[in-house]
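Here is how the chains run, residue by residue.
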Amino acid sequence: QLWDISEDRVLVSLENPYGILIGWIFRPDGLKLAGITKDEKVLLWDTDTGELELVFDISIVPIRQVDYQYENRVAYGVSSERFTEYGLDFSPDGRLLAFGNGNTIEIWDVSSGTLINSLQQSLAPAFATRVSFSKDGNLLYAVINRNQEAQVWNVHSGRLLKQLNLPIVNQN
């Protein structure tokens, strides 16, 4: 459900026959919502009607503990089941949706449901755990294998522009 918290009322109920959402993001204009389920689906809803518009099958990695940091806030999660750190992101214009799918990062046109690009990882296993578009929407940044590597991709050509090995950080 989407709520208007100032009036404490439900705006719209979202159709979801695929299970628990473990991650989600609104399109920049707020008219669409994308979410990832425990059942290895990426779902796209119209936020005005609650209608489920697109469903993508994905592969996720079983892990035990995750943490996220955004604007100096940290959230922790522990799971004994399948869980995911998989990121998904809308392009700044809201036209494209990117998410990790097994050894690839897929970029989809959300209005047509068309696959725009499939960014294949050169070394398996290489799972994208976070993705983010640049402000102009031309680049896609990806964190690979739970913060071991970072990549920069050209969204339109599908070319890997840079790969970085990240330092191992002791979180204790």
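For the structure itself, look to the data block above.
Residues numbered from 1 in each chain as written. Predicted model: local features only at pLDDT ≥ 70, side-chain atom pairs only at ≥ 80, totals over all residues. Heavy atoms only, no water.

Q: Residues and numbers for the packing of aromatic side chains, please.
A: Geometrically, a pair of aromatic rings is defined through the distance of the ring centres and the angle of the planes. Counting across every chain of the model gives two aromatic pairs. Centre to centre, the rings of phenylalanine 56 and tryptophan 108 are 4.5 Å apart; their planes meet at 45°, and the pair counts as tilted. One end of the pair, phenylalanine 56, is in strand S6 (residues 52–57); the other, tryptophan 108, is in strand S11 (residues 104–109), and 52 residues separate them in sequence. The buried category is assigned to phenylalanine 56, whose relative accessible area is 6%. Put simply, the rings of Phe56, Phe99 and Trp108 touch in pairs and so form one group of aromatic residues. (Phe/Tyr/Trp six-rings, centres within 6.5 Å; stacked < 30°, edge-to-face > 60°. Helix = DSSP H or I, 4+ residues; strand = E, 2+ residues; numbered from the N terminus. Buried < 20%, exposed > 50% of the residue type's maximum accessible area, 1.4 Å probe, protein only.)

Q: I'd like a rundown of the sheet that holds strand S9 (residues 88–90), residues and numbers included.
A: The four strands are arranged S9-S10-S11-S12 in an open sheet whose pairing can be described as antiparallel. Looking at the sheet topology across the chains shown, the edges are occupied by S9 and strand S12 (114–120). Each strand axis lies, on average, 20° off the axis of its neighbour in the sheet, ignoring direction. (Pairing = 2+ DSSP bridges. Axes fitted to C-alpha atoms, helices over the stretch in contact; angles between N-to-C directions.)

Q: Give me the lowdown on the environment of aspartate 46, citing residues and values where you can.
A: Mapping aspartate 46 onto the fold places it in strand S5 (residues 41–46). Since its relative accessible area comes to 15%, aspartate 46 is described here as buried. Spatially, the C-alpha atoms of aspartate 46 and alanine 34 are 9.2 Å apart, while their sequence positions differ by twelve residues. Filtering out sequence-adjacent residues up to four positions away, aspartate 46 remains in contact with Leu14, Leu31, Lys32, Glu51 and Glu53. (Contact = heavy atoms within 4.5 Å.)

Q: Can you lay out the sheet that holds strand S3 (residues 21–26) for me, pointing to particular residues and giving the numbers?
A: Taken together, four strands build an open sheet; the order of strands is S3-S4-S5-S6 and the sheet is antiparallel. Both edges of this open sheet fall to S3 and S6, since each of them pairs with a single strand only. Within the sheet, the average angular offset between the axes of one strand and its neighbour, ignoring direction, is 20°. Relative to strand S4 (residues 32–37), S3 runs antiparallel, the two being bridged by five bridges. Bridging across to S4, phenylalanine 26 finds its partner in leucine 33.

Q: Can you tell me about the environment of arginine 95, naming the residues and giving the values?
A: You can see arginine 95 is positioned in the loop between S9 and strand S10 (96–101). Its relative accessible area of 35% is what places arginine 95 among the partly exposed residues. Residues arginine 95 and arginine 27 lie 68 residues apart in sequence; the distance between their C-alpha atoms is 8.6 Å. For arginine 95, the contacting residues outside a window of four places in its chain are Trp108, Asp109, Val110 and His156.

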